[in-house]
Amino acid sequence: MDKLWGGRFEKQTDEAVEAFTTSLSVDARLWEVDIRGSIAHARMLGKIGVLTPEEADSIITGLQSLREDIASGKVAFDSQAEDIHSEIERLLTERIGAAAGRLHTARSRNDQVATDTRLYLREGIDALCERIQQLQKWLVDTAQSHLHTLLPGCTHLQHAQPVSLAHHLMAYFWMLQRDRERLAGCRKRVNQLPLGSAALAGTSFALDREMVAQELGFEGVCENSMDAVSDRDFVVEFLCCAALVMMHLSRLAEELILWSTPEFGFVELDDSVTTGSSIMPQKKNPDVAELIRGRMGRVVADLTGALVMLKALPLSYNRDLQEDKGFLFDALDTALSSVAMAHLMLSRAQFRVERMRQAVQGDFSNATDLADYLVRKGMPFRQAHEVVGRVVLYCLRQGVALERLSVEELRQFSHLFESDALQVLQPEAVMGARRSRGGAAPEAVSQQIAIARELLGGDTH
Ligand code: ARG
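A quick note: this is a predicted structure, and the numbers were derived from the prediction, not measured.

## Overview of the pattern of salt bridges
Reasoning step 1: According to the stated counting rule, one finds 32 salt bridges in the structure shown.
Reasoning step 2: For Lys74, the salt bridge goes to Asp69, with nearest N and O atoms at 3.8 Å.
Reasoning step 3: What you see here is one network of salt bridges that share partners, running through Glu32, Arg36, Arg67 and Glu123.

## Section: the environment of Ala306
Reasoning step 1: Locating Ala306 in the fold gives a position in helix α11 (residues 287-310).
Reasoning step 2: Judged by its relative accessible area of 1%, Ala306 is buried.
Reasoning step 3: Residues Ala306 and Ala42 lie 264 residues apart in sequence; the distance between their C-alpha atoms is 32 Å.

## Points about the nonpolar core
Reasoning step 1: Core analysis: the biggest nonpolar cluster contains 111 residues, and Leu139, Phe238 and Leu249 have the highest contact counts within it.
Reasoning step 2: By residue number, the principal contributor to this core is helix α10 (residues 233-259), which donates 16 residues.
Reasoning step 3: In contact with Phe238, other than residues within four places in its own chain, are Leu121, Ile125, Leu128, Leu183, Cys186, Leu328 and Leu332.
Reasoning step 4: Ala367, Ala384, Cys395 and Leu405 belong to the second largest nonpolar core, which has 20 residues in total.

## A few points about the pairing of strand β2 (residues 158-164)
Reasoning step 1: Where strand β1 (residues 150-155) and β2 come together, 6 bridges link them in antiparallel fashion. From the neighbouring strand, Gly153 faces β2, where its bridge partner is Gln161.

## Examining unusual backbone geometry
Reasoning step 1: Following Leu315, the chain continues to Ser316 via a peptide bond in cis, the omega torsion being -5 degrees.
Reasoning step 2: Mapped onto the elements, Ser316 comes out in the loop between α11 and α12 (324-347).
Reasoning step 3: Even without a glycine there, the phi angle at Leu157 is positive, about 65 degrees.
Reasoning step 4: Locating Leu157 in the fold gives a position in the loop between β1 and β2.
Reasoning step 5: A residue is classified by how much of its surface remains accessible, and Leu157, at 57% relative accessible area, is exposed.
Reasoning step 6: Backbone geometry at Ala198 places phi at a positive 55 degrees, although glycine is not the residue there.

## Some remarks on the environment of Arg209
Reasoning step 1: Inspection of the secondary structure assignment puts Arg209 in helix α8 (residues 209-216).
Reasoning step 2: The buried category is assigned to Arg209, whose relative accessible area is 17%.
Reasoning step 3: Sequence-wise, Arg209 and Glu68 are 141 residues apart; in three dimensions their C-alpha atoms are separated by 27 Å.
Reasoning step 4: Once you skip the residues sitting within four places of it in the chain, Arg209 turns out to touch Leu193, Pro194, Leu195, Gly196, Ser197, Val221 and Cys222.
Reasoning step 5: Within the local environment of Arg209, its side chain forms a polar contact with the backbone oxygen of Leu195, the two atoms lying 2.8 Å apart.

## Here we look at the site of the ligand
Reasoning step 1: Around the ligand, the neighbouring residues are Ser23, Asp83, His85, Arg109, Asn110, Val113, Tyr317, Arg319, Gln322 and Lys325.
Reasoning step 2: For the ligand, whose accessible area on its own is 340 Å², the fraction buried by protein is 86%.
Reasoning step 3: No other element matches the 3 residues that helix α6 (residues 109-144) contributes to the shell around the ligand.
Reasoning step 4: Split by residue class, the shell around the ligand holds 2 nonpolar, 4 polar and 4 charged.

## Some details on the side chain of Ser197
Reasoning step 1: Within the secondary structure, Ser197 is located in the loop between β3 (192-193) and α8.
Reasoning step 2: Look at Ser197 and you get buried, because its relative accessible area is 1%.
Reasoning step 3: For Ser197, the side chain forms a polar contact with the main-chain oxygen of Pro194, separated by 2.7 Å.

## Here we look at helix α15 (residues 381-398)
Reasoning step 1: Between its terminal C-alpha atoms α15 stretches 25 Å, which fits the 26 Å expected from 18 residues at 1.5 Å a residue.
Reasoning step 2: Three or more residues of α15 are buried, namely Ala384, Val387, Val388, Val391, Val392 and Cys395. Buried residues of α15, viewed axially, fall in a sector of 145 degrees; they line one side. Within α15, the exposed residues directed more than 90 degrees away from the buried face are Arg382, Leu396 and Arg397.
Reasoning step 3: On its buried face, α15 is in contact with α14 (367-376) and α16 (407-411).
Reasoning step 4: Positioned one or two residues after α15, Gly399 has a phi angle of 70 degrees, which is positive.

## Focus: α11
Reasoning step 1: Relative to the 34 Å expected for 24 residues at 1.5 Å per residue, α11 spans 35 Å between its end C-alpha atoms, a close match to the ideal helical length.
Reasoning step 2: Elements in contact with the buried residues of α11: α10 and α12.
Reasoning step 3: In the segment just after α11, Ala312 is the residue with positive phi, at about 65 degrees.

Criteria and thresholds
- Residues numbered from 1 in each chain as written.
- Predicted model: local features only at pLDDT ≥ 70, side-chain atom pairs only at ≥ 80, totals over all residues.
- Heavy atoms only, no water.
- Salt bridge = Lys/Arg side-chain N within 4 Å of Asp/Glu carboxyl O.
- Helix = DSSP H or I, 4+ residues; strand = E, 2+ residues; numbered from the N terminus.
- Buried < 20%, exposed > 50% of the residue type's maximum accessible area, 1.4 Å probe, protein only.
- Core = buried A, V, L, I, M, F, W, Y, C linked by side-chain atoms within 4.5 Å.
- Contact = heavy atoms within 4.5 Å.
- Pairing = 2+ DSSP bridges.
- Polar contact = N/O pair within 3.5 Å; in protein donor to acceptor, adjacent residues only side chain to side chain.
- Near = heavy atom within 4 Å.
- Areas by Shrake-Rupley, 256 points an atom, 1.4 Å probe, with all protein chains shown as cover.
- Nonpolar A, V, L, I, M, F, W, Y, C, P; charged D, E, K, R; others polar.
- Expected span 1.5 Å × (residues − 1).
- Arc of directions from axis to C-beta.

Below you can see the structure in the form of structure tokens.
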């Protein structure tokens, strides 16, 4: 196959080397941003007089028609191509002839590929944020209707203090909110234009990089041409953000897996998002949640792979950098589909609220409140903790719930207990008492939800 760089070579490239070095199967998806970048470059070359108006025009209209034909499937890529950049140039040459050869003036594939990757990732980040936001909306809306749905709040996976399903769901809202904020920060650093850096040292043509940046929607231009062609920090940064999104989803997935076991029985996943067994007829498995949990590992591998690929790489462009896109696209695809699947699975889940409420009965998750009661009567907390610990031990021996004790029984442990002691022990009262900002009481969670809705843009009522 003809090369963009054949002139100085006396021999053909070995076919095995071509197969080893091609990136088309990975970078083909950059075709649209590649054309967009080339149109902006050609327009700018026309404006500064490096191309005649006719040449610029012919290149731009050629690229536009090529874009339509690729989109409609009329034109297919040659799988032998070295990469998408050379393939687009070849297709343009087929279309408009020799004028296509002027497009690459003052440009290298090094700044071109960095530009394409940034454009593609910018749109990927926007799509991911949009999906995360949809999931957040679901969390907020669902939380709103479960402010009073009691649920065991756990530490160490042991019942700790009762919370509401609303409070539990909202915890995930905040994880995802931080994810979106991180992605927004990452987007700023992604959104800088490398084009105009050429191979590594800039160019002797008087380019108008700001014009290109503006046309392509970049917030600024990369200030150092060597850094611009070899920087992949923005890829690593995105991979970090994606790994955190996946880590959060893996925790959510793990809880859905646990909650859908008969031992928990807190949730019934819909048939449409679960799978069966080839041997056990009774099975309904949470495979979607398990794959989300498992694919977190993939994204961490992508992040690690990108970091190791970059480690100790000398300036400026090295072919190693071509490997960035495999990591990037895998993580982006995985995060996008995982957020969508988490949303689908949750939106069709049936929460077993009666099971949740029952799980809180007699589970001693009100013991802190009995200690707090003694503190309000003047006892130091450490002593109150000790006293209530003995009450719990007594209950366990008698096989009775804390809230079922009589005042007389309580008074054997401390004379500070009075008839009102039992009122603080009902799970609703225990949860309702936690009105501190960020706490589990319905009023506090309502406040939290109001703030969350504001962050979502207020259009979620
Ligand atoms: N396919 C290459 C990549 O993705 C394009 C840049 C090639 N540049 C070079 N000097 N070989 O990185």
